[in-house]
Amino acid sequence: MSAGYAVLGWGSLIWDLDDLAPKVSLPWHMRSGPHLPMEFTRISPKRKMGLAVCLDLDHGVDCPTHAIASRRSSLSEVISDLAARERAPLEMIGGVCLTTGERQGREGIAAIVAEWCGDAGWAGAVWTDLQSNYAEMSGHPFSVAAAIAYLKTLDGESLEEAVRYLALAPAETRTPLRDQLAQDRWWIEQVDRLLPSSEC
């Protein structure tokens, strides 16, 4: 790997670096990042109110993450770069630096990432630390059944974006919701209807 900083991804960042692209060095090192607890428990205005994957200490299951090298030389710069791509405030980006001991984000996640950085030879890493908002936004506690029922309330562009996002997430982001959707006839019909076969 590298003595520099890694950017960790597990969702849309993998296929859509957006304005982060000139600030990192391809390729992605798939499945090389730490295993972190994740589930699609965030209702995302950015994704037209579809469900987005996030790190969820309550409902998440451990999934491998993926790493890409930042071109930057300081933790603050790497955090700023990822915040700009995510259209998120700086405090919603997690980060660790083994050289300075700096840590930002939820401590349970930061500890896992710091240990991984030491083992993998990175000086530090950053990640999107957005949390679940499903209960707050929907008015109901999260469950797989509740999330599928929520997806069935979407239509138009919101449904299309939800289908695209869930279908394109890396295969390694395998969560209970995703496993259930793979067996749900309604969901399979939506994927067939809304996504070109080349995207599946």
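Everything discussed here concerns the structure shown above.
Residues numbered from 1 in each chain as written. Predicted model: local features only at pLDDT ≥ 70, side-chain atom pairs only at ≥ 80, totals over all residues. Heavy atoms only, no water.

Turning our eyes to something else, we now look at helix α7 (residues 185-194). Residues of α7 that are buried: Trp187, Gln190, Val191 and Leu194. Looking straight down α7, one finds that the buried residues subtend no more than 100 degrees of arc, so they occupy a single side. The exposed set on the far side of α7, more than 90 degrees from its buried face, consists of Arg185, Asp192 and Arg193. The secondary structure elements touched by the buried residues of α7 are α4 (144-151), α5 (156-168) and α6 (176-181). Near the N-terminus of α7, the side chain that reaches the backbone nitrogen of Trp186, with its oxygen 3.0 Å away, is that of Asp184. (Buried < 20%, exposed > 50% of the residue type's maximum accessible area, 1.4 Å probe, protein only. Helix = DSSP H or I, 4+ residues; strand = E, 2+ residues; numbered from the N terminus. Arc of directions from axis to C-beta. Contact = heavy atoms within 4.5 Å. Polar contact = N/O pair within 3.5 Å; in protein donor to acceptor, adjacent residues only side chain to side chain.)

One finds Leu51, Val113 and Trp127 to be the most contacted residues of the largest nonpolar core, which totals 43 residues. At six residues, helix α2 (residues 107-120) tops the list of elements feeding residues into this core. Excluding its chain neighbours within four sequence positions, the residues that come into contact with Leu51 are Phe40, Arg42, Ile43, Tyr134, Ala147, Tyr150, Leu151, Tyr165 and Leu177. Counting residues in each nonpolar core, the second largest holds 17 residues, with Leu13, Ile93, Cys97 and Val126 among its members. (Core = buried A, V, L, I, M, F, W, Y, C linked by side-chain atoms within 4.5 Å.)

Moving on: the packing of aromatic side chains. All chains considered together, the criterion is met by six aromatic pairs. On the basis of an interplanar angle of 25 degrees and a centroid distance of 6.4 Å, the ring pair of Trp116 and Trp122 is categorised as stacked. Taken together, the ring pairs in this structure connect Trp15, Phe40 and Tyr165 into an aromatic cluster. (Phe/Tyr/Trp six-rings, centres within 6.5 Å; stacked < 30°, edge-to-face > 60°.)

Glancing now at the layout of surface pockets. By volume, the largest pocket amounts to about 410 Å³. Around the largest pocket sit 24 residues that line it, and Lys46, Ala52, Glu86, Thr128 and Leu130 are the ones nearest its centre. If you list the elements that add at least two residues to the lining of the largest pocket, you get β1 (5-9), β3 (35-44), β4 (50-55) and α1 (75-86). When residues in the lining of the largest pocket are grouped by element, the largest group, four residues, is from β4. Partitioned by chemical class, the residues of the lining of the largest pocket number 13 nonpolar, five polar and six charged. Here the second largest pocket is characterised by a volume of approximately 240 Å³. Around the second largest pocket, the lining comprises 13 residues; the ones closest to its centre are Leu166, Ala167, Arg178, Ala182 and Trp187. Secondary structure elements with two or more residues in the lining of the second largest pocket: α5, α6 and α7. Of the residues that constitute the lining of the second largest pocket, the class distribution is nine nonpolar, one polar and three charged. (1 Å grid on protein atoms, 1.4 Å probe; cavity = no way out; pocket = protein on both sides within 12 Å on 5 of 7 lines; lining within 4 Å. Points joined across faces, edges and corners; volume = space filled by probe spheres on them. Nonpolar A, V, L, I, M, F, W, Y, C, P; charged D, E, K, R; others polar.)

Looking now at the sheet that holds strand β6 (residues 66-70). What the six strands build is an open sheet, ordered β2-β6-β1-β9-β7-β8; its pairing is mixed. In this open sheet, the two strands that pair with only one neighbour each are β2 (24-29) and β8 (103-104). Bridge count between β1 and strand β9 (residues 124-128): three bridges; the pairing is parallel. Across the sheet, residue Ala6 finds its bridge partner in β9, namely Ala125. Sitting on the sheet, α2 touches β1, β6, β7 (93-97), β8 and β9, and the angle it makes with β9 is about 140 degrees. (Pairing = 2+ DSSP bridges. Axes fitted to C-alpha atoms, helices over the stretch in contact; angles between N-to-C directions.)

What follows concerns unusual backbone geometry. Note that the residue after Leu26, namely Pro27, is joined by a cis bond; omega there is 10 degrees. With respect to the helices and strands, Pro27 occurs in strand β2. The backbone of Arg31 shows a phi angle near 65 degrees, a positive value even though the residue is not glycine. Turning to its location among the elements, Arg31 is positioned in the loop between β2 and β3. The phi torsion at Arg87 lies on the positive side, around 55 degrees, for a residue other than glycine. The topology assignment puts Arg87 in the loop between α1 and β7.

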